[in-house]
There are 2 protein chains.
Amino acid sequence: MIVPIELIPPQPVKYDITIDKLPKLTFNTKVVVVTNPTVAGFHLETLLSHIQSPELHVVTIPDGEQYKTLQTVESILNECFEHKLDRKSLLIAFGGGVIGDMTGFTASLYQRGIDFIQIPTTLLSQVDASVGGKTGVNNKYGKNLIGAFYQPKAVYINPEFLKTLPKREFAAGFAEIVKMAVMFDREYFDFLKNADLADEAQLKETIRRSVELKAWVVNQDEKEAGIRAVLNYGHTFGHVVENETDYTTYLHGEAVAIGMVMANALAVELGLMSEEEADEVKALLKTQELPTTYCIDDVDAFYEHFFLDKKSANNSIKFILPKKIGSHKIVQDIDEAVVKKVLRRFGEE
Amino acid sequence: MIVPIELIPPQPVKYDITIDKLPKLTFNTKVVVVTNPTVAGFHLETLLSHIQSPELHVVTIPDGEQYKTLQTVESILNECFEHKLDRKSLLIAFGGGVIGDMTGFTASLYQRGIDFIQIPTTLLSQVDASVGGKTGVNNKYGKNLIGAFYQPKAVYINPEFLKTLPKREFAAGFAEIVKMAVMFDREYFDFLKNADLADEAQLKETIRRSVELKAWVVNQDEKEAGIRAVLNYGHTFGHVVENETDYTTYLHGEAVAIGMVMANALAVELGLMSEEEADEVKALLKTQELPTTYCIDDVDAFYEHFFLDKKSANNSIKFILPKKIGSHKIVQDIDEAVVKKVLRRFGEE
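Worth saying up front: this structure is predicted, and the values here are computed from it rather than measured.

Chemist: Account for the packing of aromatic side chains, naming residues and giving values.
Modeler: Aromatic ring pairs: the centre-centre distance and the angle between the two ring planes describe each pair. A full pass over the atoms with the stated rule returns 26 aromatic pairs over all chains. The interplanar angle of 90° and the centroid separation of 5.5 Å between the aromatic rings of A:F237 and A:F306 together place this pair among those described as edge-to-face. Placement of A:F237 in helix α8 (residues 235–244) and of A:F306 in the loop between α11 (299–305) and β12 (318–322) is noted, with a sequence separation of 69 residues between them. Exposure class is identical for A:F237 and A:F306. Each is buried. Over the ring of B:F149 we find A:R112, and its NZ or CZ is 5.8 Å from the ring centre. Here the basic side chain of A:R209 rests over the ring of A:F191, its NZ or CZ set 5.2 Å away from the ring centre.

Now the structure itself:
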């Protein structure tokens, strides 16, 4: 006997990413804002003055990637239960990528899913993390290994929040912008070479183009079955760098910058990109003083680490490499010796 | 500036529920079977002899509703990481509802989602819990308050596994069967009154009809925006009973049996069902020796408990009540005094 299950397909997911001053936001449900002390100190008053809700709570979690854990998510969930949120309640992620990933994840879990909104306050989360619905936490096995695909109801990107962002964090966000350009758009890359990000209009235009590229990718491939994997350029190497340094030495974007330099070295080795193009990327990263070197102490250990990364299925690593600037190629089954030869060069630096 | 997100809708979810002897199952990916010592002791050898996989692991978790926690899910996740599962790996839930709910939840979380299969071994999970994709865990605030909607790739229901099921657990599954009949199908209710569940063919037919009803509901309303809520008949009361007794006195199905009796009492009070029909349901529950009485010590505390239940939005409780036998009505805003009057009767028993 067979009983078939055929679920009625849900409505297609649609929402807007608004890049502008924060509008007035009015809700007729309970709202919980999740943020950290740093962001709250600078901007919470501004945020709260823009929100109308019958019941508004603020949950503050410690600042930092090391708190991006299942335990922290559980503590946010507990606060939601204490405030007796129901299925119609709303969470607002107010902060950087860590806040956004954990708030979205919490929203996906609370009573099997309630709505949430992203209001990113860092460049990295504005151009990358807040767009696309990847949520989750780290554990001792690596980054973002536990989580859900869960889309927000809206994203509000206010570039004014970036005025209080430390220079190093701004640069970390810039790394993800460079990533988008190198993978998908040579013309955007050239735009970035000449852009003055201190200029408000040019900053806004930079964010818009990055978000549009990200949206273009996510719209095609929400669950990362194909092209979305290209966004992991620099991340395969970068995750190992982050993990080796216990997530404390580098910001995520800084590790991605190093990872892109490593990926480019491999691309040069494979003849996918010229040495000059690799230098061009490095030079662009350096305009924001991003790190572009890293000393690999143990090449074998570094290489082994790849296999724990979630993007590697069946013990074969997929490397996402640039094909010149503005295009990409996913390369599988690169000879171990070739990868290690390239890695060894970073040991010598 | 507005950048619209419009995700390409995913393929409609389709899978089969097979009610029969367990077939040979062949996979070309890593497989992790999640089970508990009791089920493993009786049936693991049988299961393993039916599975072919390049790498097969068994994860055993303690038996019992009190272990249906985020901590247990984390321990299953950790085992999956230790075995280096990738995105193509498969989990198999082999046990009752607790195992099914936690294994499905774990599958939804691991690297943001891997496949899983349900092989339910209790009557309750065969007729109810394994069908429909509700996954999750309990916490101190209540049952199934943290989780995900996450569908399995297949469900294999083998009634032979029920031969080793304790009589009390069999009865607990029967409560959910009665629930389906009372809510949706008078003719099925009459069939149950005369069915001999010790007879293999009649048992199989009973399971099939219950699964078909459940599938019919889930196919219309996966995310419980409407009719699926009807499946909570008996649960609004039952959850409070379970919670008051620390999940240790009653099996879930037993608490649901008590909850249905309470719901029926309220339905009689509101004129939705006759006293005779309520007695008819009670009599059917008693054929399997299910509990139909419960002493409410503190009616106010019992009533307050409803508001923590996830089905109650905006401080108004939705009661799912029978309209005669075979039909249902969702009633909101019942006067507190009326509900308490009915509850008080259970205090006197």
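Once the structure has been displayed, the description carries forward.
Chemist: Tell me about the sheet that holds strand β8 (residues 115–120) of chain B, residues and numbers included.
Modeler: Strand order in the open sheet formed by 7 strands is β1(A)-β2(B)-β11(B)-β8(B)-β7(B)-β4(B)-β6(B), with mixed pairing between adjacent strands. The sheet is open, and its two borders are formed by β1 (2–6) of chain A together with β6 (55–60) of chain B, each paired with just one other strand. The sheet shows a mean angle of 15° between the axes of neighbouring strands, taken without regard to direction. Where strand β4 (residues 30–35) of chain B and β6(B) come together, 6 bridges link them in parallel fashion. Each bridged residue has a counterpart across the sheet, and for B:V31 the counterpart in β6(B) is B:L56.

Chemist: How would you sum up the sheet that holds strand β11 (residues 154–157) of chain A? Please name residues and give values.
Modeler: Sheet architecture is open: 7 strands sit in the order β6(A)-β4(A)-β7(A)-β8(A)-β11(A)-β2(A)-β1(B), paired in mixed fashion. On the outer flanks of this sheet lie β6 (55–60) of chain A together with β1 (2–6) of chain B, each paired with one strand and no other. Here the average twist between neighbouring strands, direction ignored, is 15°. Here strand β8 (residues 115–120) of chain A runs beside β11(A); their pairing, made up of 2 bridges, is parallel. If you follow A:Q118 over to β11(A), its bridge partner there is A:V155. On the sheet, helix α1 (residues 37–50) of chain A packs against β4 (30–35), β6, β7 (90–95) and β8 of chain A and is oriented at approximately 125° with respect to β7(A).

Chemist: Let's hear about unusual backbone geometry: which residues, and what values?
Modeler: Note on backbone geometry: most residues besides glycine have negative phi, and most peptide bonds are trans. A positive phi angle is found at A:N144, which is not glycine, with a value near 55°. Along the chain, the position of A:N144 falls in strand β10 (residues 142–149).

Chemist: Describe the interface of chain B and chain A, with residues and values.
Modeler: Taken residue by residue, the interface counts 64 residues in chain B and 64 residues in chain A. At the boundary of chain B with chain A, the tally comes to 4 salt bridges. With a shortest N-O distance of 3.3 Å, A:E224 and B:R87 are connected by a salt bridge. Viewed at the interface, chain A and chain B are joined by 24 residue pairs in polar contact (both at pLDDT 80 or more). For the side of chain B that touches chain A, the secondary structure elements donating two or more residues are β1, β2 (14–19), α2 (70–82), α3 (97–109), β9 (134–139), β10 (142–149) and α7 (200–220) of chain B. Sort the elements by how many residues they give to the side of chain B that touches chain A and α7(B) lands first, with 9 residues. Classifying every residue of the side of chain B that touches chain A by side-chain character gives 30 nonpolar, 14 polar and 20 charged. As defined by bridge partners, strand β2 (residues 14–19) of chain A adjoins β1(B) across 5 bridges and the pair is classed as antiparallel.

Chemist: Provide a residue-level description of the relation of the copies chain B and chain A, including the pertinent values.
Modeler: Two chain copies, one operation linking them: a rotation about an axis together with a shift along it. When chain B is fitted to chain A, the residual RMSD is 0.0 Å, and the transformation amounts to a turn of 180° plus an axial shift of 0.0 Å. Considering both components of the superposition, the chain copies are consistent with a two-fold axis. Considering only C-alpha atoms, the residue of chain B closest to the rotation axis is B:P9, which sits at 4.0 Å. Same-surface contact between copies: 100% of interface residues of chain B are shared with the interface of chain A.

Chemist: Can you explain the pairing of β11(A)? Please cite residues and give values.
Modeler: Residue and element names in this part refer to chain A. Neither face of β11 is exposed, since A154 and Y156 on one face and V155 and I157 on the opposite face are all buried. For β2 and β11, the ladder comprises 3 bridges, and the chain directions are parallel. Its bridge partner being in β11, I19 is matched across the sheet by I157.

Chemist: Quick rundown of the domain arrangement of chain A? Include the residues and the values.
Modeler: Residues and elements named next belong to chain A. Per the domain assignment, the segments of chain A are domain 1 (17–163) and domain 2 (167–348). Computed over C-alpha atoms, the centres of domain 1 and domain 2 are 26 Å apart. Taken together, the contact between domain 1 and domain 2 spans 26 residues of the former and 31 residues of the latter. Carbon and sulfur atoms make up 65% of the area that domain 1 and domain 2 hide from each other, which totals about 2,500 Å². For the pair domain 1 and domain 2, the number of links is 5 salt bridges. For D128, the salt bridge is made with K179, and the minimal N-O distance between the two is 3.4 Å. Across the contact surface, domain 1 and domain 2 share 8 residue pairs in polar contact (both at pLDDT 80 or more). Broken down by secondary-structure element, the contributors of at least two residues to the side of domain 1 that touches domain 2 are β2, α4 (123–129) and β10. If one sorts the elements of the side of domain 1 that touches domain 2 by residue count, α4 sits on top with 6 residues.

Chemist: Let's hear about the packing of helix α5 (residues 167–184) of chain B against helix α9 (residues 252–269) of chain B: which residues, and what values?
Modeler: All names here are of chain B. In the contact formed by α5 and α9, the axes pass within 7 Å of each other and the chain directions differ by 45°. As far as their axial angle goes, α9 and α5 are oblique. Crossing handedness for the pair α5 and α9: left-handed. Contacts from R168, A172, A175, E176, V178 and K179 of α5 reach α9 at H252, G253, E254, V256, A257 and M260. Classifying every residue of the contact of α5 with α9 gives 6 nonpolar, 2 polar and 4 charged.

About the cut-offs
- Residues numbered from 1 in each chain as written.
- Chains lettered and ligands numbered in written order.
- Predicted model: local features only at pLDDT ≥ 70, side-chain atom pairs only at ≥ 80, totals over all residues.
- Heavy atoms only, no water.
- Phe/Tyr/Trp six-rings, centres within 6.5 Å; stacked < 30°, edge-to-face > 60°.
- Helix = DSSP H or I, 4+ residues; strand = E, 2+ residues; numbered from the N terminus.
- Buried < 20%, exposed > 50% of the residue type's maximum accessible area, 1.4 Å probe, protein only.
- Lys NZ or Arg CZ within 6 Å of the ring centre and 35° of its normal.
- Pairing = 2+ DSSP bridges.
- Axes fitted to C-alpha atoms, helices over the stretch in contact; angles between N-to-C directions.
- Contact = heavy atoms within 4.5 Å.
- Salt bridge = Lys/Arg side-chain N within 4 Å of Asp/Glu carboxyl O.
- Polar contact = N/O pair within 3.5 Å; in protein donor to acceptor, adjacent residues only side chain to side chain.
- Nonpolar A, V, L, I, M, F, W, Y, C, P; charged D, E, K, R; others polar.
- Least-squares fit on C-alpha atoms with pLDDT ≥ 70 in both.
- Domains from an automatic or database assignment.
- Buried area = accessible area lost by both parts, 1.4 Å probe.
- Parallel < 35°, antiparallel > 145°, perpendicular 65-115°, else oblique.
- Left-handed = near helix turned anticlockwise from the far one by under 90°.

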